[in-house]
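Observations on the model geometry
Residue-level listing of the chains:
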Amino acid sequence: MAKRSTLFIRIVEAKNLPIKDITGSSDPYCIVRIDNEAIIRTATIWKTLSPFWGEEYNVHLPPSFHTVSLYVMDEDSLSRDDVIGKVSISKDVLTAKPQGLDGWMNLTEIDPDEEVQGEIHLQISLLGDGAIPCKLRCRVLEARDLAKKDRNGASDPFVRVRYNGKVHESSVIKKSCYPRWNETFEFELDDSLADNLLSVEVWDWDLVSRNDFLGKVLFNINRLQSAQQEEGWFRLGPDKPKHSQYEGTLGSLRLQLRLRDETVLPSSYYQPLTELLSQSVGTHLNGNWPDLIMLIDETTTSENRQEVANNLVKIFLGQGLIKEFLDVLFKLELEKTTEPNTLFRSNSLASKSMESFLKVAGMQYLHRLLGPIINRIFEEKKYVELDPNKVELKEAGCTGLHRLHTEADVIQQSSSLLQSYLSELLTALLQSASYCPLLLCQAFQQLYHRVQTRFPDPEYRKVKFIAVTSFLCLRFISPAIMSPKLFHLREKHADARTSRTLLLLAKAVQTIGNMDTLVCCSKEPWMVPLQPAIQQGISQLKDFITRLVSCHDSEDLGLQTRMNLQCGTMEKEGFLFLHKTKDKCIPMTSPFKKYYVSLSKDTLSYSRTQHSKKSSFISLPKIRAVEKVEEKCFGSANVMQIISSEDSGLQETLYLDCKSVNELNQWLSALRKACSHNTNTMSSYHPGIYKADRWSCCHQKEKTDPGCDKTRHGVTLQEWYDPLDPDLEAQLIYRHLSSVQYAMRDKYYEFVKQEGTEEADSDKDNKKVDGVTRLFRILQDLHDSHAAVEEKERPKNKNVFLELQT
């Protein structure tokens, strides 16, 4: 059993941002922080005050997280990036709205007194000679993960303890965000106080300027009377919030956020549900009506249809029944379709499931197909425009001898370039028939023959091809061309010039997919120069589809092969700067050297070149922690450490320097997920380095001293190449079916009534009742299991000592 919190984040766009550059514009991007730890950076949108990102992320978090904050920044190439504003949402707000947040949120000013983080370790106790206490003792032990307030990437923290008008201060620990004080302060206890509060504040000491506030904790001493003593780690909170004079003038950010806290039970609890789902598509092969899938289709609303489709696709992939599931949906969709021109054009469960299936099972295929042409367009950065109303002669440059291009020159050259791109893409598409994943071929084969059977008339001879292209071109290839970053084809969004080229190429692919050049040219006459290339492309696309649907299932893929083929095997690779250390200290000069690093199922290997025969490796089961390193250690905020144990028992640390915060968190996520089943993991670690006979983070002198910060094994990003998690997908489907079970019951009786047959008099209907009844029994059993788990984990005695934060 596991508790999992997943935060869905969609950063849509911003508007009315302030001007930060002398050009009268800004270059905005977003940073996402979970409890002040940066985990995501969006692309920079250049020269705009109303940027559009449209980026989506799923972040797996420990249930103990508190706040998600989004900072809008202005990128500057010559100086430090400017902070425009931020939006902060607490976990309590997200939990109170299970349907999620969706809308515009005003950016607020950054207040240094509110930018606090970290925790402090305290022991609070009441002392007295007899039964009545007369003294209050506060022992300040240590703190961790404090905010960095000084230019050296650290702080000089001290603690100020207040009670009943009296103040005590601790010593100052220089250059540390992980200070250790172990100091004790005592106060005379006064029970007559109306607000009997103890305040513990942490400050950064500065010699010249005023001290910086690092956070505080408030305690109600009256609630401590029965406990007499309390010790633990307490989260530092901000001071009283101040009213911002810039509120409403910093612009707005449009976000979609949804937090899901899931308790995933052991696999055996979900087995009846997955078996019932498998039988619902299996009975379809015998000619019986697919009851359960039909009911799910009819009762799933547009708001959650995409999520349900994703879950079902992954469940049936794991069961080895994805072909049968998609075939059921194809049949249901065709039963409801009377006009061929509308086939699979709506956002039905069939359309969403097929779209999800292509992304899960065909992403590696898509990268191999589109990677070369997308990279070529990004590298060439040619000016391409066919619409006379949008031609900008200044952008086109000169033809020679300082003579500007004419409009006709620009359109002619653009047409030639687009035809070249289109020709390269179609050639690659034809060649891809030999390496297209077998499951994709089989799915398109089923779709092709189903549509051909449903619309056999000669006038509809193109419909079977359009059914395939409606998914392959319109929902898969074209969106990837328009937004290569969202399909992981590029690390950054395209600039305005490249975006226009990609859009025109995607339009051409959509026209070929629709297999009707006349309609396109009538709506957009400026596309006429591409008509010969598009007409040839239609012929090539038909040839490709004919080859694709002619593949024979000569050898059946086993379940594990299906899963590995379609969903990746947790592999990640690329060049990184690397430093390895055992007992030796970090040298003064840069210790990092460039290596090709590869993560496979069992090992992390690294070598000087990609194809080098000589390489070193770390066995994944030996990895004990994968964590970030403080920026001050190497002068980079994107360094991570991999702590592993050797056979001799010694501990070894490997440092990896990444190019960006995104690359850093992608490697952190991949390694943490690959090591998620390791048993010898560390609960604490040192975020600094051991140098000059002490740890740079907490100043402890022994290299074997325990870590000063807690490890963060549970913080990971969801990636397209993640392996399937059948238990989690089954839990998500259970939750959805529970929410619509009454609607499913009503819809079922509606179907029975329409058929005009009494249930008791029909064997077929008896089978339906058995299936529906089984479903509701399974849902009830799972509900009871979750309730039992919650009751078992509910604390028996509530803590009488409450922490107060302002």
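Check the entry above for the structure.
Structure report, in brief. Once a new chain begins, its residue numbering starts again from 1 and follows that chain's sequence as written. Whole-chain, interface and lining totals are the exception, using all residues; otherwise, since this is a predicted model, local features are given only for residues with pLDDT of at least 70 and side-chain atom pairs are given and counted only at 80 or more. Only heavy atoms go into the side-chain values, all of them from the structure, while hydrogens and water stay out.

**Details of the overall build of the chain**
Just so we agree on the cut-off: Every helix listed is a DSSP run of H or I at least four residues long, and every strand listed is a run of E at least two residues long, numbered separately from the N terminus. Contacts are assigned to residue pairs that have any heavy atoms within 4.5 Å of one another. Throughout, the Shrake-Rupley method with a 1.4 Å probe supplies accessible areas, and for residues the shown protein chains are the sole cover considered.
Scanning the chain for helices and strands turns up 20 helices and 31 strands. The contacts in the chain between residues at least 6 apart in sequence include a share of 69% that link residues at least 24 apart. Surface accessibility of the chain: about 39,000 Å² in total, with carbon and sulfur atoms responsible for 48%.

**Brief notes about the sheet that holds strand E3 (residues 37-41)**
Think of a sheet as strands paired side by side through backbone hydrogen bonds, with each pair either parallel or antiparallel. Spelled out, the test is: Note on pairing: two strands pair once DSSP finds at least 2 bridges between them. The axes are straight lines fitted to the C-alpha atoms, using for helices just the contacting stretch, and the angles between their N-to-C directions are given from 0 to 180°.
The strand order across the open sheet formed by four strands is E3-E2-E5-E6, and the pairing between neighbours is antiparallel. Either end of the sheet is taken by a strand with one partner, and the two such strands are E3 and strand E6 (82-90). Between one strand axis and the next, the sheet turns by 25 degrees as a mean value, whatever way the strands run. Relative to strand E5 (residues 67-74), strand E2 (residues 28-34) runs antiparallel, the two sharing seven bridges. Bridge pairing in E5 places Arg33 opposite Ser69.

**Things to note about the side chain of Glu119**
Put simply, the rule is: Categorising residues by exposure relies on relative accessible area from a 1.4 Å probe, with only protein chains included: less than 20% of the type maximum marks a residue as buried, more than 50% marks it as exposed, and the intermediate range marks it as partly exposed. Pairing of N or O atoms within 3.5 Å defines a polar contact, subject to two protein rules: one partner must be a possible hydrogen donor and the other a possible acceptor, and residues neighboring in sequence count only if both atoms are side-chain atoms.
Positionally, Glu119 belongs in strand E8 (residues 119-127). The exposure class of Glu119 is buried, given its relative accessible area of 15%. A polar contact of 2.8 Å, which involves the side chain of Glu119, links it to the side chain of Arg144. A polar contact of 3.4 Å, which involves the side chain of Glu119, links it to the side chain of Lys710. Setting aside residues up to four positions removed in sequence, Glu119 forms contacts with Ala143, Arg144, Trp233, Phe234, Arg235, Leu236 and Lys710.

**Observations concerning the sheet that holds strand E24 (residues 639-645)**
Sheet architecture is open: seven strands sit in the order E22-E21-E20-E19-E25-E24-E23, paired in antiparallel fashion. With one partner strand each, in any of the chains shown, strand E22 (616-619) and strand E23 (623-628) form the two edges of the open sheet. Pairs of neighbouring strands in the sheet enclose a mean axial angle of 30 degrees, with direction left out of account. By the bridge criterion, seven bridges tie E24 to strand E25 (residues 651-657) in an arrangement that is antiparallel. Counterpart to Ser645 in the pairing with E25 is Gln651.

**Focus: the packing of aromatic side chains**
Quick reminder of the rule: Aromatic rings from Phe, Tyr and Trp, taking only the six-membered ring of Trp, are treated as a pair when their centres fall within 6.5 Å; an angle between ring planes under 30 degrees marks them as stacked, one over 60 as edge-to-face, and anything in between as tilted.
Tallying each qualifying case throughout the model produces 15 aromatic pairs. Measuring from ring centre to ring centre gives 4.9 Å for Phe219 and Phe234, while their planes differ by 85 degrees; the resulting arrangement is edge-to-face. In this pair, Phe219 sits in strand E14 (residues 212-220) while Phe234 sits in strand E15 (residues 229-235), placing the two residues 15 residues apart along the sequence. Per residue, the accessibility class of Phe219 equals that of Phe234, and both read buried.

**As for the nonpolar core**
What counts here: Put simply, a nonpolar core is a bunch of buried Ala, Val, Leu, Ile, Met, Phe, Trp, Tyr and Cys residues held in one set by side-chain atoms that sit within 4.5 Å of each other.
Grouped together as the largest cluster of nonpolar side chains are 123 residues, with contacts concentrated most on Phe325, Phe357 and Leu370. Each residue touching Phe325, except ones within four places of it in the same chain, is listed here: Val281, Ile293, Leu312, Val313, Phe316 and Ser353.

**Focus: the environment of Asn222**
Position of Asn222 among the secondary structure elements: in the loop between E14 and E15. Between the alpha carbons of Asn222 and Leu197 there is a distance of 8.2 Å; along the sequence they are 25 residues apart. A polar side-chain atom of Asn222 sits 3.1 Å from a polar atom in the side chain of Asn196.

**Here's the deal with the pattern of salt bridges**
The following threshold applies: We define a salt bridge as a contact between a side-chain nitrogen of Lys or Arg and a carboxyl oxygen of Asp or Glu at a distance within 4 Å.
What the rule picks out here adds up to 36 salt bridges. The closest approach of N and O atoms between Glu355 and Arg475, which form a salt bridge, is 3.0 Å. With Glu355 in helix H6 (residues 349-361) and Arg475 in helix H11 (residues 463-482), the pair connects residues that are 120 residues apart, well separated along the chain. One exposure class covers both Glu355 and Arg475, and it is buried. Each of Glu37, Asp145, Lys628, Asp709 and Arg712 takes part in salt bridges that share partners, so that together they form one network.

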